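Notes for the structure review
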Amino acid sequence: MPGTPALELRSVRRTYGLGPSATVALDDVHLAVRPGRFVSLIGPSGCGKSTLLRLVAGLERPDHGDVRVHGVAPATACAAKMIGLVPQSPALLPWMSVLRNVTLPQKINPGAAGRRERIPGSSGRQTAPDAPYLRELLVKAGLGEVMHKLPAQLSGGMRQRVAIVRAFGLRPDVLVMDEPFSALDEFTRESLQNQLLALWDELKTTVLFVTHSVAEAVRLSDTVVVMAPGPGRIVETIEIELPRPRGERLLGERRFHEYEDLVRDRLRRAWHDGAA
Ligand SMILES: Nc1ncnc2c1ncn2[C@@H]1O[C@H](COP(=O)(O)OP(=O)(O)O)[C@@H](O)[C@H]1O
Ligand SMILES: [Mg+2]
């Protein structure tokens, strides 16, 4: 349906445990994300970022409020393979080549396309991408040379890139990524940001991305959502109105640094709120 957000959270609360020892991981969270937007979550550890992602991915349910993905419950969206997940460390099958790791998921869920078609807000793509398309994505991600290698023969950065290609290859309507680059060195990280932006630019997937890096959040996002702990909540939503593509040059510009300063300032306040 036109106008339906790709993601919507209304009055969401998620509590772990019971009684006095209970942790309110998220409280009164409202968020609406339009299709095709790139949204980052940033905030001190323990402010509920991963919890929010798990709710969106249908791995958990809120104890109050409502979560919708293209207007349907996350579990429904998940069964229709509308949601892709990139975890912090890439879960690749060690005995399969890079290419097989990327093409395999296409083969094991033939019913998903039909389920997706029945959901009005989804992209409703009927056919899974074929092997030539996935090869092309691998080449675009700079993995053409290592397509036939095993994951153990690749660097950490390359493995994470494979996981990203695999997730995009399933053409999810919504891609959620939980600190996917945090284990990588600065250079690898920057090159992966480039690859991610190139893929996102081409496929226009809605992305919900968790990061600890202010620069990364500003560079990648249309919207940066700043969160604070105790209880986990959203304290600020900042629209990043910088032109795209966001190449190297922009990173040195004043307007880029102004956004970094703004996010950092809000983040600092979030820390103080959390400590208070
Ligand atoms: N399965 C769980 N059981 C109990 N407490 C949890 C669980 N998962 C998360 N929490 C708590 O909920 C809060 C938010 O956690 P999390 O979403 O992992 O935060 P973040 O990803 O921002 O670091 C933290 O206080 C954490 O200890
Ligand atoms: Mg986390």
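This text goes with the structure placed above it.
The rules we used
Residues numbered from 1 in each chain as written. Chains lettered and ligands numbered in written order. Predicted model: local features only at pLDDT ≥ 70, side-chain atom pairs only at ≥ 80, totals over all residues. Heavy atoms only, no water. Pairing = 2+ DSSP bridges. Helix = DSSP H or I, 4+ residues; strand = E, 2+ residues; numbered from the N terminus. Axes fitted to C-alpha atoms, helices over the stretch in contact; angles between N-to-C directions. Contact = heavy atoms within 4.5 Å. Expected span 1.5 Å × (residues − 1). Buried < 20%, exposed > 50% of the residue type's maximum accessible area, 1.4 Å probe, protein only. Polar contact = N/O pair within 3.5 Å; in protein donor to acceptor, adjacent residues only side chain to side chain. Core = buried A, V, L, I, M, F, W, Y, C linked by side-chain atoms within 4.5 Å. Salt bridge = Lys/Arg side-chain N within 4 Å of Asp/Glu carboxyl O.

An order of β2-β1-β4 is seen for the three strands of this open sheet, with the pairing classed as antiparallel. Strands with a single pairing partner mark the edges of an open sheet, and in this sheet they are β2 (23-33) and β4 (64-69). For this sheet, the mean angle separating the axes of adjacent strands, direction not counted, is 25 degrees. Inspection of the sheet shows strand β1 (residues 7-16) paired to β2 by seven bridges, in the antiparallel sense. From the neighbouring strand, Val12 faces β2, where its bridge partner is Val29. This element, helix α1 (residues 49-56), spans β1, β2 and β4 of the sheet and lies at about 120 degrees to β1.

Turning our attention to helix α7 (residues 186-203). When the terminal C-alpha atoms of α7 are compared, their 26 Å separation across 18 residues agrees well with the 26 Å that a helix rising 1.5 Å per residue should span. Among the residues of α7, Thr188, Arg189, Leu192, Gln193, Gln195, Leu196, Leu197, Leu199, Trp200 and Leu203 are the ones counted as buried. Where α7 is buried, its residues touch β3 (38-42), α5 (131-140), α6 (156-169), β6 (174-178), β7 (206-210) and α8 (214-220).

The residue Thr188 is located in helix α7 in this model. Here Thr188 falls in the buried class, since its relative accessible area comes to 18%. Separated by 2.7 Å, the side chains of Thr188 and Asp185 make a polar contact.

Before going further, it helps to spend a moment on the nonpolar core. Ranked by internal contacts, the top residues of the largest apolar core, which has 33 residues, are Leu138, Ile164, Val165, Phe168, Met177, Leu196 and Phe209. Of all the secondary-structure elements, those providing two or more residues to this core are α3 (98-107), α5, α6, β6, α7 and β7. The leading source of residues in this core is α7, at six residues. In this structure, Ala6, Val12, Val39 and Val176 belong to the second largest nonpolar core, which totals 30 residues.

Evaluation of the coordinates by the stated rule reveals 19 salt bridges. Residue Glu60 pairs with Arg14 through a salt bridge whose shortest N-O separation is 2.8 Å. Pair noted here: Glu60 is in the loop between α1 and β4 and Arg14 is in strand β1, with a separation of 46 residues, a long-range link. With respect to class, Glu60 is no different from Arg14; both count as buried. With a shortest N-O distance of 3.0 Å, Lys204 and Asp201 are connected by a salt bridge. Owing to a relative accessible area of 45%, Lys204 belongs among the partly exposed residues under this scheme. Residue class for Asp201 comes out partly exposed when judged on its relative accessible area of 44%.

That bond from Gly230 to Pro231 is cis: its omega, -5 degrees, falls within 30 degrees of zero. Residues other than glycine seldom take positive phi values, yet Glu179 does so here, at roughly 45 degrees. With respect to the secondary-structure elements, Glu179 resides in the loop between β6 and α7. Look at Glu179 and you get buried, because its relative accessible area is 13%.

Everything listed here is a matter of geometry and, on its own, says nothing about what the molecule does.
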